[in-house]
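Listed below, chain by chain, are the residues.
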Amino acid sequence: QVQVVESGGGLAQPGGSLTLSCEVTGLNVDYYAVGWFRQAPGKGREGVSCISSVNYGRYYIDSVKGRFTISKDNAKNTVFLQMNSLKLEDTAVYFCAIDRTTIPGCVGRIAEHEYDNWGQGTQVTVSS
């Protein structure tokens, strides 16, 4: 049984920071790509960032480059998303997901259809 649990969301002011955690049980994140997605009110789900099982390769969408950092703690089987310089438009429910099919995953892109196991999401609200 694979479980994905996000945490760390909350309220931040513009320019502030939050760190999201994605704790995974039932599989070893060393062997799979892990992605972060978000869904803002009234909008579709958007891929944000992913980390590959190969050499910790990373991908970021343009709107978060230089502000967000994805990382992995193999000992804790946890993936993080450090979010700095937050903007109002970062407000969304953030989801963590595992790509169990694509090998290797997260190669120059993040594609929602490749991700199989999803967490319940954690709310990030950026407001002044």
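The coordinates are above.
Small disclaimer: the values here were computed from a predicted structure and weren't measured.

Here's the deal with the side chain of aspartate 99
Residue placement: aspartate 99 occurs in strand S9 (residues 92-99). A distance of 3.1 Å separates a polar atom in the side chain of aspartate 99 from the backbone nitrogen of threonine 101. With near-sequence residues (within four places) excluded, aspartate 99 lies in contact with Tyr32, Ala33, Gly105, Glu114, Tyr115 and Asp116.

Section: the packing of aromatic side chains
For the structure shown, the criterion picks out two aromatic pairs. When the ring of phenylalanine 37 is compared with that of tyrosine 115, the centres are 5.1 Å apart and the planes differ by 75°; the resulting orientation is edge-to-face. Pair noted here: phenylalanine 37 is in strand S4 (residues 33-39) and tyrosine 115 is in the loop between S9 and strand S10 (117-118), with a separation of 78 residues, a long-range link. Plain terms: the ring middles of phenylalanine 37 and tryptophan 118 are 4.7 Å apart, the flat faces sit at 45° to each other, and that makes the pair tilted. Of this pair, phenylalanine 37 sits in strand S4 while tryptophan 118 sits in strand S10, and the two are 81 residues apart along the sequence. Looking at tryptophan 118, the relative accessible area reads 26%, which means it is partly exposed. Ring-pair connections join several aromatic residues into one group, and the members of that group are Phe37, Tyr115 and Trp118. Its end group placed over the ring of tryptophan 118, arginine 45 keeps NZ or CZ at 4.3 Å from the ring centre.

Points about the sheet that holds strand S8 (residues 78-83)
On the basis of which strands lie adjacent, the open sheet formed by four strands has the order S1-S3-S8-S7 and antiparallel pairing. The sheet is open, and its two edges are formed by strand S1 (3-7) and strand S7 (68-73), each paired on a single side. On average, each strand axis in the sheet is inclined to that of its neighbour by 15°, with strand direction left out of account. In this sheet, strand S3 (residues 18-25) lies alongside S1 in antiparallel orientation, the contact comprising five bridges. Across the sheet, residue valine 5 finds its bridge partner in S3, namely glutamate 23.

A look at the state of the cysteines
Overall, the coordinates contain two disulfides when judged by the stated rule. Between the sulfur atoms of cysteine 22 and its disulfide partner cysteine 96 the distance amounts to 1.9 Å. Across the S-S bond of cysteine 22 and cysteine 96 the torsion is about -75°, and the bridge reads as left-handed. Taken as a pair, cysteine 22 in strand S3 and cysteine 96 in strand S9 lie far apart in primary sequence, 74 residues in all. Just as cysteine 22 is buried, cysteine 96 falls in that class too. Along the protein, the cysteines engaged in disulfide bonds are linked according to the scheme 1-3, 2-4 when indexed in sequence order.

Scoring rules and cut-offs
- Residues numbered from 1 in each chain as written.
- Predicted model: local features only at pLDDT ≥ 70, side-chain atom pairs only at ≥ 80, totals over all residues.
- Heavy atoms only, no water.
- Helix = DSSP H or I, 4+ residues; strand = E, 2+ residues; numbered from the N terminus.
- Polar contact = N/O pair within 3.5 Å; in protein donor to acceptor, adjacent residues only side chain to side chain.
- Contact = heavy atoms within 4.5 Å.
- Phe/Tyr/Trp six-rings, centres within 6.5 Å; stacked < 30°, edge-to-face > 60°.
- Buried < 20%, exposed > 50% of the residue type's maximum accessible area, 1.4 Å probe, protein only.
- Lys NZ or Arg CZ within 6 Å of the ring centre and 35° of its normal.
- Pairing = 2+ DSSP bridges.
- Axes fitted to C-alpha atoms, helices over the stretch in contact; angles between N-to-C directions.
- Disulfide = S-S within 2.5 Å.

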